[in-house]
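Secondary and tertiary structure notes
Residues per chain are reported as follows:
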Amino acid sequence: MRPSYLTAAAWLLMQGTAASVAVAGAAPRYAVADMPAALRENAHAVVRLDEQTLVVKSVSRTVETNRRAVTILDEAGADWAMQVVYYDQLNTVSYLRGTVYNAAGQALRQLRPSDVRDYGLSDGFSLASDGRGRAADLRQATYPYTVEYEYEVVSNNPLFYSSWRPQPQEQLAVEKSSFRVVTPANLPLRYQERHLPVGSAAIASTEGTQLVYQWQVHDLVAVDEELDAPPVSELTPAVLTAPTEFEVQGHHGKLTSWQTLGEWTYQLNAGRDELPPAIKARIASLVQGETDERARIRKVYEFLQANTRYISIQLGIGGWQTFPASSVAANGYGDCKALTNYCKALLQAANITSYCALVRADEPDIRTEFPSSQFNHVVLCVPLAKAAKPDTVWLECTSQTTAFNYMGSFTGNRHALLLTPSGGKLVRTPSYGAAENRRERRADVYVDAQGNATASIRTVRTGLEQDRYNFLFHSLDPAEQKKRIADVLPLANFSIAKFSLAPGAPAAVPSMVESLALTLPNFAPPSGKRVFVSANLLSRWASLPATVGERQADIWLDNAFAYSDTIRIHVPAGMKPESLPSPVKLTTTFGSYSSQIQTLADGTLQYVRQLRMPVAHFARTDYPAYVEFRRKISAADKAQVVFVKNES
Amino acid sequence: MTLTTTRLWLTTALVCLVLPVLAQKAAPAPIEFGSVKAVDFTPTTSSDSTQAPAEYLCDYGTSKIEGGHEQFQVIFERTARLRIHRKSGYRYATVRVPLYTRDGKTERLTKLRGFTYNLQNGQLVKTKLNADALFREVVDKNHIQCSFTLPDVREGSIVEFSYVINSDFVFNLQDWQFEHSIPTRWSEYRAFLPQFYIYKTVTRGYLPFAIHETLTVPYSTTYTNPREGLAPLTQSQIHGLAQQLRWAMKDVPAFREEPFMTTPTDYLRSVHFELAGVNFDGEYRDLTGKWEGIWKRLSEDDEFEAATKEPASLATQAQALRQRYPDSTARAAAVLALVQRSVVYNDEARIYTSQPLRRTVERHVGNSADINLLLVQTLRAAGLPATPLLLSTRDHGQIQKDVPEISQFNYVAAHLKLPGRPDVLLDATEPQLPLGLLPERCLNGEGRLANAGGNWVPLKTNVRYTDYRTLRLQLSDQGELTGNAKIEYAGYAAVAARRQIRQTSAAEYLGQAARRWQDWQPAAPHLLADSLQKPVTLELALHHTPAGAEASVLYLPLLNLPDALPYDFRAENRLYPINFGMPR
């Protein structure tokens, strides 16, 4: 018998006696003094022991057990003293137990059933959700202390196997963590190891008819989160797992490739795209006479956007199986699967073939080399059949306002699993680079003799740069939009005389146009004969903070964009520029920057700033150079123009 | 089944009922469910509300007390009609109805009906809400949420729904909120209150009512009597009079939150009820009574004052502190620190304990009543005459002193009277909160001492939010500034700074502070040793190079210091009063 089971048996014996008696008799556990000192460094909490076990009972059932002891070093680590175990129609919690220990390792108290709160995860957003949680709170008022939680979840949804992430966060150290998977020999485990320390690769063995896989890590020191770096979860050890075969509520599938996962999902949703004849007829008349394929798709998409809305419904198998198209036709609403399936059916009625495509939205892209259920959203992919060269239209069916054929930061630039009759196929959604993600600003600033100013500013944003503004435009009324814009203007003292925000003319990527008229009291107060003006009105970019210690992570620049500012500064007659900042031009692998000021024929000053950043990754050794690049930009952005009164 | 007829004894206690005006005629309901016509889609000329995501055309609610099986029930009926103007208003076509349940008594949602109306080519098209599409979620042991969404909603749709809530809780009628985050053209609430149930009503908010009236109307209901032994069920027919209270608001603009408010519910027009007394037989029985009555009940409540009467859980430590600190102020501070380091606040503001105080000590976790009643108990054990202080937190809303309702309070702090010194307010829910300071969330009007005297105590504080900076800089002949900054946070600024340090780390806090001074090349930021009696003090070395070094006149950027001119009021106008809570 394994030691952990021995302690579990001893534990059960203790349950029979009064808690305080058992506590008094027990040997200390998790004493803080026993912990290697290096683990305390830079950590708010230390995982002392983490034993995660996944037992595959059958093709349709798994049991996950967890025992985790965490020493909480300070208030910032106190979240680890609370535990929520999630469950729903397909997952049940067998037990949730907890004990809290003092620094010396003496058990102070055991969690009682009455301490556990059971609640609905009503998110205020879904119309219906079966998600629930059991929550326990073992926080203590003096530090350090140690909490230990044990729980078991029985799952009838083996489409998902548990992953092992022993160090999921920054400022968390790990003394010892293990993961054990037990599965019948006919259901071998599929797994992917990531960033495992040397020597901690899987140990596989056979116990009777069971296959056993084990991993273990120990003494992982806490890591820090760094700027422009990959998330900590991308840098620390992990083992992803997946079944070879599974069954969810009678729906059997294989998961040996993207092809088989796609096949299962396709079959689960097959035959749910039948439309009422009236809708079919409406679509037929809608696209009648329109011969251009793209225009036909656009008409159908606009019909969808005008006649449906998104309602989140999270219930059981409904997480993977769509409501029938007829239900959307009747109600005018659906969740992402239902609306995408409906749009697919509408396109079919217009003689256009399309495919649902699973994506992981709003989170890092899926691990393409490890086929498994990593998705949380679905969009529609429409390959153009008649185009001269291969072309595809992508449709976000849950939004009533997203532009036609646009995949913004939520779904763009990532992999998607196309669900076709012959199974799943991995493809890429559109990605947008610096050429598409633009912010172009033109401003005229009029300064008067007292130093007060007015400015008129027109800013055009395209691609990913416009996402936020598009959202503001569609979700808020103009008064609220103006308030939000005012909140982020980097000016100390201003009022907005005129404001408008509107979508630009349709183009390959969507755009938003913002127009502002500002009054800027005391913008450039005269100082004797002189007036100082910051030429860069709204686009200063801060330098990076001084680094503490050596850079650990690589540099990840994940947003490509191109900014251009043209600011014209008009000063009253009788003032002339005394000194102009010298032009700055930086061309590096991190990006390029230039700013310069020139005097126009009529005496107006024209400031032009351009910044272009690509998507790129760099080695951590490049960090000082990147800091220098940002420092130079920041310095150049502060350039001031000095005007002086003409001697009269 | 026998039917008896009872005429209720008309009591003189109902002074507000003027007998000659018996049976006044009630106004017709402002809305009839299902009566939308094509003409209703024509926008009214006066309104520019089509810019709003959606608007309430009419929202009408009624509450009636009716006889039921061995008890009276509250029947609440709501009928609402909204126009959905923009896609961003689609969410108003989804309705969530919270229901309450306790001790086997429940609120039940029944008679759900709904329609969506669309105008298609001049034709009115009605789509019916499928009543099966009502989702019910058990939020926790006392709360259920029902939700439904209307079908076939588009820009321009009119949606209409109606439902009834049958409630066993006659103590609370349903509240009514007249204002919303979208414009409301008409909102009306009527309560029919039979003469034998007497309610207190509380109205909140600023904007005027279009109608606020009280009528006397006839009342009749059937009550099923308790079964006696094997006797058949008997019913009583009750006839009498009822008060019809009626409130309405017209053309209410959308509510917008502004900085430095307490909670929107303090500003939104609403009406609330609490059962004040009953009079079934000519004798008025007071149920909420006076504040004194509330205190009497609290003093006997196991989850309030009675909880503090148990043997003190921290008695040993309290005794030790009594010996060690003869000075009562120093002793109070030591007891406060003892309780602060014994229990963690679970962020639940409550007036009743969730567990016996000894259990709070054992678990080291508790709500505001668990912690601050423990504080009261421990102060008393240390020989200090502490009293629980009931209050309403800022996000719970202002107290209406003339309405003795226990539900106005949601939080307990502690109050200490020291001979020859000013009274002291204490709270142990936050570590490092000094004696005499309540957490910011508590700075909300007045609190009430939960003792027989029951005085109101202003929750105002003399402690300011103080951010004090000293810069010592040397100017070189090249225009460079070199020196250091000393930044001191005192009072509530210190409370906030200590909280931030605890919840991150000193290093992270210093890093953030240095970042704000980035233009000044900050170096060696450090915190001075902390003591609760002193401000949180942070020092850093600074160096500034002038931007226009070549200019013949130097420009010193001293007005451009970080956060030198905080700018909290960017909006051009302000509708509601500003409430800082503490002096700034």
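Residues numbered from 1 in each chain as written. Chains lettered and ligands numbered in written order. Predicted model: local features only at pLDDT ≥ 70, side-chain atom pairs only at ≥ 80, totals over all residues.

**Remarks on the overall build of chain A**
Tallying secondary structure elements over chain A gives ten helices and 37 strands in all. Along the first, second and third principal axes, the C-alpha atoms of chain A reach 100 × 70 × 45 Å. Sequence-distant contacts, at least 24 apart, represent 72% of the contacts inside chain A between residues at least 6 apart. (Helix = DSSP H or I, 4+ residues; strand = E, 2+ residues; numbered from the N terminus. Contact = placed C-beta atoms within 7 Å.)

**Quick look at the overall build of chain B**
In terms of regular secondary structure, chain B is built from nine helices and 27 strands. With the principal axes as the frame, chain B shows a C-alpha extent of 100 × 70 × 45 Å. Scored against the burial criterion, the 584 residues of chain B give a buried share of 35%. (Buried ≥ 20, exposed ≤ 12 C-beta atoms within 10 Å, placed from the backbone.)

**Regarding the interface of chain A and chain B**
Contact with chain A, which involves 44 residues of that partner, is made by 47 residues of chain B. At the level of elements, β6 (117-120), α5 (293-307), α6 (325-331), α8 (467-475), α9 (478-488), β29 (530-534), β32 (575-579) and β37 (640-645) of chain A are the ones that each hand at least two residues to the side of chain A that touches chain B. Taken together, the residues of the side of chain A that touches chain B sort by class into 16 nonpolar, 17 polar and eleven charged. (Nonpolar A, V, L, I, M, F, W, Y, C, P; charged D, E, K, R; others polar.)

**A word on the UniProt feature "domain: DUF3857" (unreviewed entry) in chain B**
The feature "domain: DUF3857" (unreviewed entry), as given by UniProt, occupies residues 77-255 of chain B in the numbering adopted here. Secondary structure content for residues 77-255 of chain B is 0% helix and 65% strand, and the end C-alpha separation is 24 Å. (UniProt positions renumbered as here; feature names shortened; annotations may be inferred.)

**A look at the domain arrangement of chain A**
Residue and element names in this part refer to chain A. In terms of domain boundaries, chain A breaks down into domain 1 (3-244), domain 2 (257-428) and domain 3 (438-645). Using C-alpha coordinates to define each centre, domain 2 is positioned 39 Å away from domain 3. Between domain 2 and domain 3, the residue contacts involve five residues of the former and five residues of the latter. Taken together, the residues of the side of domain 2 that touches domain 3 break down into two nonpolar, three polar and no charged. (Domains from an automatic or database assignment.)

**So, the environment of A:Leu380**
Residues and elements named next belong to chain A. Inspection of the secondary structure assignment puts Leu380 in strand β21 (residues 377-383). On the basis of neighbour counts, which here come to 24 C-beta atoms within 10 Å, the residue Leu380 falls in the buried class. Once the C-alpha coordinates of Leu380 and Leu395 are considered, the two residues, 15 residues apart in sequence, prove to be 5.1 Å apart. Apart from residues lying up to four places away in sequence, Leu380 is in contact with Thr340, Cys343, Lys344, Ser354, Cys356, Ala357, Leu395 and Cys397.

**What about the pairing of strand β24 (residues 465-475) of chain B?**
Within a regular strand, side chains alternate between the sheet's two faces. Inspection of the sheet shows β24(B) paired to strand β25 (residues 481-491) of chain B by eleven bridges, in the antiparallel sense. Note that in β25(B) the partner of B:Thr466 across the bridge is B:Ala490. (Pairing = 2+ DSSP bridges.)

**Notes on the packing of helix α4 (residues 277-287) of chain A against α5(A)**
All names here are of chain A. It is at 10 Å that the axes of α4 and α5 come closest, and there the two elements cross at 135 degrees. The angle between α4 and α5 falls in the class oblique. Here α4 and α5 pass one another in a crossing that is right-handed. Between α4 and α5, the residues in contact are Ile283, Leu286 and Val287 and Arg296, Lys299, Val300 and Phe303, respectively. (Axes fitted to C-alpha atoms, helices over the stretch in contact; angles between N-to-C directions. Parallel < 35°, antiparallel > 145°, perpendicular 65-115°, else oblique. Left-handed = near helix turned anticlockwise from the far one by under 90°.)

**Topic: the sheet that holds strand β20 (residues 355-359) of chain A**
Residues and elements named next belong to chain A. Strand order in the open sheet formed by five strands is β22-β21-β20-β23-β24, and the pairing between neighbours is antiparallel. Here the strands that pair on one side only, and so sit at the sheet edges, are β22 (392-395) and β24 (423-428). Each strand of the sheet is rotated relative to its neighbour by a mean of 35 degrees, with strand direction disregarded. Relative to β24, strand β23 (residues 415-420) runs antiparallel, the two being bridged by six bridges. Paired with Leu419 across the strands is Gly424, a residue of β24. Of the strands in this sheet, β20, β23 and β24 are in contact with helix α3 (residues 258-269), which crosses β24 at around 115 degrees.

**What to know about the confidence of the model for chain A**
As a note on interpretation, predicted positions should not be read in detail where pLDDT is low. Taken residue by residue, chain A gives an average pLDDT of 91. The fraction at 70 or more is 95%. Low confidence marks residues 1-24 of chain A, where pLDDT is under 50. Its contacts with residues over four positions away, or in another chain, come to seven contacts. (pLDDT = per-residue confidence, 0-100.)

**Brief notes about the nonpolar core**
Ranked by internal contacts, the top residues of the largest apolar core, which has 68 residues, are B:Val335, B:Leu375, B:Leu379, B:Ala413 and B:Leu426. Examining the composition of this core, we find that eight residues originate from one element, helix α7 (residues 368-381) of chain B, more than from any other. Counting the residues that make up this core, at least three belong to each of domain 2 (291-458) and domain 3 (465-560) of chain B. Of all hydrophobic cores here, the second largest spans 66 residues; its members include A:Ala128, A:Leu304, A:Ala338 and A:Val509. (Core = buried A, V, L, I, M, F, W, Y, C linked by C-beta atoms within 7 Å.)

**Considering the confidence of the model for chain B**
All names here are of chain B. Scored by pLDDT, chain B comes out at a mean of 86, with 92% of its residues at no less than 70. Predicted confidence is poor over residues 1-21, with pLDDT under 50, and the contacts of this stretch with residues over four places away or in other chains come to 31 contacts. Scored as a whole, the predicted complex attains pTM 0.87, and scored at its interfaces, ipTM 0.84.

**Comments concerning the environment of B:Phe161**
Counting through the fold element by element, B:Phe161 comes out in strand β9 (residues 158-167). In this structure, the C-alpha to C-alpha distance between B:Phe161 and B:Leu338, residues 177 residues apart in sequence, is 55 Å.

**Describing the sheet that holds strand β12 (residues 203-207) of chain A**
All names here are of chain A. Taken in spatial order, the eight strands make up an open sheet running β5-β4-β9-β2-β1-β10-β13-β12, and their pairing is mixed. The sheet is open, and its two borders are formed by β5 (107-110) and β12, each paired with just one other strand. Looking at each pair of strands side by side, their axes are set apart by 15 degrees on average, direction ignored. Relative to strand β13 (residues 210-220), strand β10 (residues 172-184) runs antiparallel, the two sharing ten bridges.

**Describing the packing of helix α5 (residues 328-340) of chain B against α7(B)**
Residue and element names in this part refer to chain B. At their nearest, the axes of α5 and α7 sit 10 Å apart, and the two run at 140 degrees to each other. As the angle between them shows, α5 and α7 are arranged oblique. Of the two elements, α5 crosses α7, and the hand of that crossing is right-handed. For the pair α5 and α7, the contacting residues are Ala332, Val335, Leu336, Leu338 and Val339 in the first and Ile371, Leu374, Leu375, Thr378 and Leu379 in the second.

**With respect to unusual backbone geometry**
All names here are of chain A. Backbone torsion omega between Tyr143 and Pro144 reads -10 degrees, so that peptide bond is classified as cis. Note that Pro144 resides in the loop between β8 (132-137) and β9 (145-155). In this structure, Asn42 takes a positive phi of about 65 degrees despite not being glycine. Residue placement: Asn42 occurs in the loop between α2 (19-25) and β1 (45-58). Residue class for Asn42 comes out partly exposed when judged on the 17 C-beta atoms lying within 10 Å of it. The phi dihedral of His195 falls on the positive side, at around 50 degrees, and the residue is not glycine. By the element assignment, His195 lies in the loop between β11 (190-194) and β12.

**Quick notes on helix α2 (residues 291-300) of chain B**
Residues three or four positions apart in an α-helix share a direction because the helix packs 3.6 residues into each turn. All names here are of chain B. The set of residues buried in α2 consists of Trp291, Ile294, Trp295 and Leu298. The arc that holds every buried residue of α2, seen down its axis, measures 100 degrees, which confines them to one face. Counted as exposed and oriented over 90 degrees from the buried face of α2: Glu292 and Glu300. Buried positions along α2 lie against α3 (305-308) and β22 (446-449). (Arc of directions from axis to C-beta.)

**Examining the environment of A:Ala535**
Residue and element names in this part refer to chain A. By the secondary structure assignment, Ala535 is in the loop between β29 and β30 (555-557). Separated by 32 residues in the primary sequence, Ala535 and Ile567 have C-alpha atoms spaced 7.1 Å apart. Filtering out sequence-adjacent residues up to four positions away, Ala535 remains in contact with Ile567, Ile569, Ile597, Tyr607, Ala639 and Val641.

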